[in-house]
Amino acid sequence: MNPHIKRIQEAIEPLRQQIINHPVYNLIESIDDLGVFMNYHIYAVWDFMSILKALQNNLTCTQVPWFPVGSANTRYLINEIVCGEESDVDSTGARKSHYELYLDAMKQCGSEPQGFLNFIYALKKTGNLQQSFDEAEVPDAAKEFVNYTFEIINSGKAHLQAAVFTFGREDLIPNMFLSMVNDLNQKFPGQVSEFKYYLDRHIEVDGDHHSHLALEMTAELCGTDPKKWAEVEHSSTIALRKRIGLWDGVYSEIVSARILADN
């Protein structure tokens, strides 16, 4: 293994463990709880696609006339990942992006993502992230998460974008969460099957094939430059802390909803 990658993985492991063992997973006991989780997580699913496209714009030519950009190997790596993320298959075999798979899963379980869709509508209309947050009343934890992603996107630095994509955006799905989803799917097979499919597909495609491609891409972009590797570690650490903050937001909202229900 690349020694720089090994060092980063060791440095971020405590944060990974905080995410894997976050108390939010044990809190999810019902379809309603899962809906709260999904209404936060959809922002991470969407901006994952945004940072993916930022990398493709940086590492390949997406304009006409075409000219070769960078190395053919990094072009291959990012295009391979984009193809899988933008054009995977749903449970019926139809081509869909992972973002669209997630929206389908939300609709099936009755968690209509109206707040998120209002945000997307506002962003298409205004092109202004902060204004769109305000118009859609996006939760603070989701705002902070997305803001950091776009800070990295707007840096224009491919190695930082690759860092957050590779080390900071692993969903780190713990076994207890998968077990909970399987239990809910058995109880409510017509409401959770699409989410179960999304998770299974995510683990199969993103957690295995794409993670290896992303590691190779990051290593090639950083090469032997110690400054780039230090920046990769720093950015990855912040990204994981933002993920913890996102899960904290889910936890707080579920707890608050239960307190209101009990009163």
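Look up: the structure comes first, before these words.
What you see is a predicted model; the values in this text were computed from it and never measured.

Asker: Help me out: how do you make sense of the overall build of the protein in this one?
Answerer: When its secondary structure is counted, the protein shows twelve helices and two strands. When the helices and strands of the protein are placed in sequence order, the string is α-α-α-α-β-β-α-α-α-α-α-α-α-α. In terms of overall size, the protein behaves like a compact globule, its C-alpha atoms giving a radius of gyration of 19 Å where 263 residues would be expected to give roughly 18 Å. Once the C-alpha set of the protein is aligned to its principal axes, its extents read approximately 60 × 40 × 35 Å. Relative to its 263 residues, the protein shows a buried fraction of 49%. Long-range contacts, defined as pairs at least 24 residues apart, comprise 74% of the intrachain contacts of the protein with a sequence gap of at least 6. The distance from the centre of the 22 positive side-chain charges to the centre of the 36 negative ones in the protein is 5 Å.

Asker: Please clarify how unusual backbone geometry should be interpreted in this entry.
Answerer: Most peptide bonds take the trans configuration, and most residues that are not glycine carry a negative phi. Of note, the amide linkage connecting Val64 to Pro65 takes the cis form, showing an omega dihedral of 5°. Tracing the backbone shows Pro65 in the loop between helix H3 (31–59) and helix H4 (72–86).

Asker: How should I be thinking about the packing of H3 against helix H6 (residues 114–126) in this particular structure?
Answerer: Angle between the axes and distance between the axes are the two parameters that describe a pair of packed helices. The contact between H3 and H6 brings their axes to 9 Å, and the two run at 35°. Residue-level contacts link Ile42, Tyr43 and Trp46 of H3 to Gly115, Phe116, Phe119, Ile120 and Leu123 of H6. Here the residues of the contact of H3 with H6 are counted per class, giving seven nonpolar, one polar and no charged.

Asker: Explain the nonpolar core here, please?
Answerer: Note on soluble globular proteins: their nonpolar side chains tend to be buried together. Core analysis: the largest hydrophobic core is formed by 85 residues, its most contacted members being Phe37, Phe119, Phe177 and Phe195. In contact with Phe177, other than residues within four places in its own chain, are Tyr25, Ile28, Leu34, Phe37, Phe195 and Leu199.

Asker: Is there a simple way to think about the packing of aromatic side chains in this case?
Answerer: Applying the stated criterion to the full structure yields 16 aromatic pairs. Taking 5.4 Å as the distance between ring centres and 85° as the angle between the ring planes, the aromatic pair formed by Trp46 and Phe119 counts as edge-to-face. Here the residue Trp46 occupies a position in helix H3, and Phe119 occupies one in helix H6, the gap between them amounting to 73 residues. By the burial criterion, Trp46 is buried, and Phe119 matches it. Judged by centre distance (6.4 Å) and plane angle (10°), the ring pair of Phe195 and Tyr198 falls under stacked. Of this pair, Phe195 and Tyr198 both sit in helix H11 (residues 189–222), three residues apart, roughly one helical turn. Across this residue pair, the class does not change: Phe195 and Tyr198 are buried. Taken together, the ring pairs connect Tyr25, Phe37, Tyr102, Phe177, Phe195, Tyr198 and Trp247 into an aromatic cluster. The cationic tip of Arg243 hangs over the ring face of Trp247; the distance from NZ or CZ to the ring centre is 5.1 Å.

Asker: Quick question: what am I supposed to make of the environment of Ala230 here?
Answerer: Within the secondary structure, Ala230 is located in helix H12 (residues 226–262). Using a relative accessible area of 43% as the deciding quantity, one classes Ala230 as partly exposed. Along the chain, Ala230 and Ile8 lie 222 residues apart, while their C-alpha atoms are 8.9 Å from each other.

Asker: Looking at this structure, I do not really get helix H1 (residues 3–20). What am I missing?
Answerer: Residue pairs three or four apart in sequence face the same way in an α-helix, which turns once every 3.6 residues. Its 18 residues give H1 an end-to-end C-alpha distance of 24 Å, which sits within 8% of 26 Å, the value for a rise of 1.5 Å per residue. Capping the start of H1, Asn2 holds a side-chain oxygen 2.8 Å from the backbone nitrogen of His4, two or three residues further along.

Asker: Hey, could you run me through helix H7 (residues 129–136) in this one?
Answerer: Within H7, burial applies to Leu129, Ser132, Phe133 and Ala136. Seen end-on, H7 carries its buried residues on one side only, within an arc spanning 105°. In this fold, the buried residues of H7 make contact with H6 and helix H8 (140–155). Backbone geometry just downstream of H7 places Glu137 in the positive-phi region, at approximately 50°.

Asker: Help me understand the pattern of salt bridges, please; the structure alone is not making it clear to me.
Answerer: Between side chains of opposite charge, a pair can form as their charged atoms come close. What the rule picks out here adds up to twelve salt bridges. With its nearest N and O atoms 3.0 Å apart, the salt bridge here joins Glu13 to Arg16. With a gap of three residues between them, Glu13 and Arg16 both fall in helix H1, about one helical turn apart. By relative accessible area, Glu13 is classed as partly exposed at 29%. Residue class for Arg16 comes out buried when judged on its relative accessible area of 19%. Connected via shared salt-bridge partners are Glu29, Asp33 and Arg258.

Asker: What should I look at first to understand the side chain of Ser235 in this one?
Answerer: Tracing the chain through its elements places Ser235 in helix H12. What makes Ser235 buried here is its relative accessible area of 5%. Not counting residues within four places of it along the chain, the set of residues in contact with Ser235 comprises Tyr148, Ile152, Leu160 and Val164.

Reading the values: the criteria
Residues numbered from 1 in each chain as written. Predicted model: local features only at pLDDT ≥ 70, side-chain atom pairs only at ≥ 80, totals over all residues. Heavy atoms only, no water. Helix = DSSP H or I, 4+ residues; strand = E, 2+ residues; numbered from the N terminus. Rg over C-alpha atoms; globule rule 2.2 N^0.38 Å. Buried < 20%, exposed > 50% of the residue type's maximum accessible area, 1.4 Å probe, protein only. Contact = heavy atoms within 4.5 Å. Lys, Arg positive; Asp, Glu negative; His and termini not counted. Charge placed at Lys NZ, Arg CZ, Asp CG, Glu CD. Axes fitted to C-alpha atoms, helices over the stretch in contact; angles between N-to-C directions. Nonpolar A, V, L, I, M, F, W, Y, C, P; charged D, E, K, R; others polar. Core = buried A, V, L, I, M, F, W, Y, C linked by side-chain atoms within 4.5 Å. Phe/Tyr/Trp six-rings, centres within 6.5 Å; stacked < 30°, edge-to-face > 60°. Lys NZ or Arg CZ within 6 Å of the ring centre and 35° of its normal. Expected span 1.5 Å × (residues − 1). Polar contact = N/O pair within 3.5 Å; in protein donor to acceptor, adjacent residues only side chain to side chain. Arc of directions from axis to C-beta. Salt bridge = Lys/Arg side-chain N within 4 Å of Asp/Glu carboxyl O.

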